[in-house]
Amino acid sequence: MKPINTLLNNHRKQTKLLGKANKFIFKGVDGLDVYNASICFKLNGQIMIAGRVENRDSEKSTTRLFKKINENVFDLIPEFSLNLQDPFVTILNHGQILLGGVHVDWTAPEKPVWRTEFYRLHDDLNVDCLFKGPQKMKDIRLLQLKDNRILMLTRPQGGKASVGKIGILVKKELSEFNEKEISEAPLLKNNYDDGTWGGANQITQVSENVVRVIGHIANKIDSKLHYYSISFFIDLMDKKIFDEQIIAERQDFLAGPCKRDDLADVVFTSGINEDSIGNHWLLCGTSDCEEQIIELIE
């Protein structure tokens, strides 16, 4: 993958790829922050979104569901809550909704342990836990391919994966994935540079052997984190990333608060939604405080 500075410079040379940004408004949360949300999805005929909800001075969060009541305005569904960070949704081919997120075990607050968990979300808002990923692995994402196989993108750390690269697995059934194989999934070619990390947030299939990933790329400079929204494609036959590009950075969105000073330059990608007239909108959490949306002009 191209160095992060090259990708960023290329993005800043583009002048017509982004439209106006707006902030999502979440009602019913009594002043708590809502950010790093899922993309919007339909459940029981309503447009929904899952959001990470927490106090400004804490990372102990819950995932809550909200229903859309107006343009960019969402109202809390009070009866739903899961102890997850950074929720995401995956829609399987037969319409089943998978709700995922990062569960953090705070038993030892100085050494929290996290893992990605996947739940089946039912129409009555009940959930069943389908499976849990390995400890200390975030950013596991799924896509059911057109031939019904399940593609999984992983995000190991350490060893060849350095501070975080993307691995790949393909199985016939969701039930075939296990922690050992997820931990040892082969890394994609043309992955993130050492010292740079990232992961997938949303996967879509564009042809028989190619998927598009909307994700994030990040680094740390002088104790400050820098997260950018990135798009790239994966050749499933060659297991290789190609055509990578940063599509949004923090300065492309509206100004707003940040959770801590070191998070001022952070956008955490939720994914892309298409509206009723075919426009595409990129959703991102900004500075670990808010969820914003920006039009993609492609």
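Higher on the page you've got the structure.
Everything numeric here is computed off the predicted structure, so don't read it as measured data. (Residues numbered from 1 in each chain as written. Predicted model: local features only at pLDDT ≥ 70, side-chain atom pairs only at ≥ 80, totals over all residues. Heavy atoms only, no water.)

Visitor: Honestly, the overall build of the protein chain in this entry has me stumped. Any pointers?
Guide: Within the protein chain, the regular secondary structure consists of 2 helices and 21 strands. Since a compact globule built from 298 residues should have a radius of gyration of about 19 Å, the 18 Å found for the protein chain is in line with a globular shape. A buried classification covers 53% of the 298 residues belonging to the protein chain. A fraction of 48% describes how many contacts in the protein chain between residues 6 or more apart in sequence connect residues 24 or more apart. Here the protein chain displays about 13900 Å² of accessible surface, and carbon together with sulfur accounts for 47% of that area. Positive and negative charge centroids in the protein chain, built from 38 and 42 side chains respectively, lie 3 Å apart. (Helix = DSSP H or I, 4+ residues; strand = E, 2+ residues; numbered from the N terminus. Rg over C-alpha atoms; globule rule 2.2 N^0.38 Å. Buried < 20%, exposed > 50% of the residue type's maximum accessible area, 1.4 Å probe, protein only. Contact = heavy atoms within 4.5 Å. Areas by Shrake-Rupley, 256 points an atom, 1.4 Å probe, with all protein chains shown as cover. Lys, Arg positive; Asp, Glu negative; His and termini not counted. Charge placed at Lys NZ, Arg CZ, Asp CG, Glu CD.)

Visitor: Can you walk me through the side chain of Asp86 in this structure?
Guide: Secondary-structure assignment places Asp86 in strand 8 (residues 85-91). Looking at Asp86, the relative accessible area reads 8%, which means it is buried. A polar side-chain atom of Asp86 sits 2.9 Å from a polar atom in the side chain of Asn36. At 2.8 Å, the side chain of Asp86 and the side chain of Arg52 are in polar contact. Discounting residues that sit within four places of it in the chain, Asp86 has contacts with Asn36, Arg52, Gly100, Gly101 and Phe268. (Polar contact = N/O pair within 3.5 Å; in protein donor to acceptor, adjacent residues only side chain to side chain.)

Nothing here speaks to function; it is all geometry.
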